[in-house]
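Next come the chains, spelled out residue by residue.
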Amino acid sequence: MNDLFSGSFSRFRGGGDQSPPPSHNIELSDAGGVNLDRFFADVEAVKDELRDLESLHSQLQTSHEQSKTLHNAKAIKDLRSRMDADVSAALKKAKVIKVRLEALDRSNASNRSVPGCGPGSSSDRTRTSVVNGLRKKLQEAMNRFSELRDRMSGEYRETVQRRYYTVTGENPEEKILDRLIETGESETFLQKAIQEQGRGQPWNNNKKK
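Because the structure is a prediction, the values reported are computed rather than measured. (Residues numbered from 1 in each chain as written. Predicted model: local features only at pLDDT ≥ 70, side-chain atom pairs only at ≥ 80, totals over all residues. Heavy atoms only, no water.)

Quick notes on the overall build of the protein chain
Then, number 1: Across its full length, the protein chain carries five helices and zero strands.
Then, number 2: Reading the protein chain from its N end, one meets helices and strands in the order α-α-α-α-α.
Then, number 3: Within the protein chain, contacts between residues separated by at least 24 positions form 75% of all contacts whose residues are at least 6 apart in sequence.
Then, number 4: Counting every atom, the protein chain has about 11,900 Å² of accessible surface; 47% of that belongs to carbon and sulfur. (Helix = DSSP H or I, 4+ residues; strand = E, 2+ residues; numbered from the N terminus. Contact = heavy atoms within 4.5 Å. Areas by Shrake-Rupley, 256 points an atom, 1.4 Å probe, with all protein chains shown as cover.)

And the structure:
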């Protein structure tokens with residue numbers, strides 16, 4: 001869980017050039033003249049990527065809710081591994097979409113040199129509007145991921161705090177919470193907390209009165 005959302009989604013909200021992943025060599029067809037068929041074929045490809053990104057968001061949200069109901073340490077570890085994989089896939093997907101949008105921008109710029117398709121023309125306005133709309137959708141998707149990341153991080157922190165109290169009978173200081181989460185030691189407390197809760201009483205109740 002300490003690795004979850006280790007990447008940053010903020011850079012996909014707009015602005016700043018990002019180099020594409022080395023394995024992706026994306027080329028978009030250049031729509032010539034007033035024929036927008038090829039342009040919209042490229043647009044549909046971006047929409048498919050955006051739908052995949054939304055699916056990853058839904059999967060991650062579902063996994064997060066599922067993690068609240070699991071009580072088996074191995075099952076929780078496996079689930080979080082899948083969540084880490086979904087986060088990694090989302091970051092890669094966002095990079096690919098950003099590269100495709102930049103390619104569409106270049107295609108639009110090139111198309112303005114075609115007679116009848118210069119700046120302000122119907123063709124140019126259509127192309128520009130569509131690409132700006134796709135870029136807005138990407139920004140919205142990344143905002144949703146960031147909001148989910150913040151919520152998950154906050155709720156996980158609260159969970160670790162409760163586990164610490166269950167095992168030790170004391171509330172942890174902020175620096176202790178930070179260390180537990182950063183080092184992954186919080187998983188040790190998960191196992192201990194599950195054991196103590198299974199006995200029906202917190203660890204501190206077993207202390208000599």
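Some remarks on the pattern of salt bridges
Then, number 1: Throughout the structure, instances matching the rule amount to 17 salt bridges.
Then, number 2: Two residues, Asp 48 and Arg 51, come together in a salt bridge whose shortest N-O distance is 2.3 Å. Of this pair, Asp 48 and Arg 51 both sit in helix H1 (residues 37–67), three residues apart, which is roughly one turn of the helix.
Then, number 3: Judged by its relative accessible area of 38%, Asp 48 is partly exposed.
Then, number 4: For Arg 51, a relative accessible area of 47% corresponds to the partly exposed category.
Then, number 5: Here Glu 65 makes a salt bridge to Lys 68, at a shortest N to O gap of 3.4 Å. (Salt bridge = Lys/Arg side-chain N within 4 Å of Asp/Glu carboxyl O. Buried < 20%, exposed > 50% of the residue type's maximum accessible area, 1.4 Å probe, protein only.)

Overview of the confidence of the model for the protein chain
Then, number 1: Overall, the predicted model of the protein chain reaches an average pLDDT of 79, with 71% of residues at or above 70.
Then, number 2: Scored below 50 in pLDDT, residues 200–209 shows 14 contacts in the model against residues more than four places distant or in partner chains. (pLDDT = per-residue confidence, 0-100.)

Focus: the packing of helix H3 (residues 122–168) against helix H4 (residues 174–183)
Then, number 1: Look at H3 against H4: their axes get within 10 Å of each other, and the N-to-C directions meet at 105°. When the axis of H3 is compared with that of H4, the two are roughly perpendicular. Counting all contacts with H3, which are made through Tyr 156, Arg 157, Val 160, Gln 161 and Tyr 164, the residues of H4 involved are Glu 174, Ile 176, Leu 177, Asp 178, Leu 180 and Ile 181. (Axes fitted to C-alpha atoms, helices over the stretch in contact; angles between N-to-C directions. Parallel < 35°, antiparallel > 145°, perpendicular 65-115°, else oblique.)

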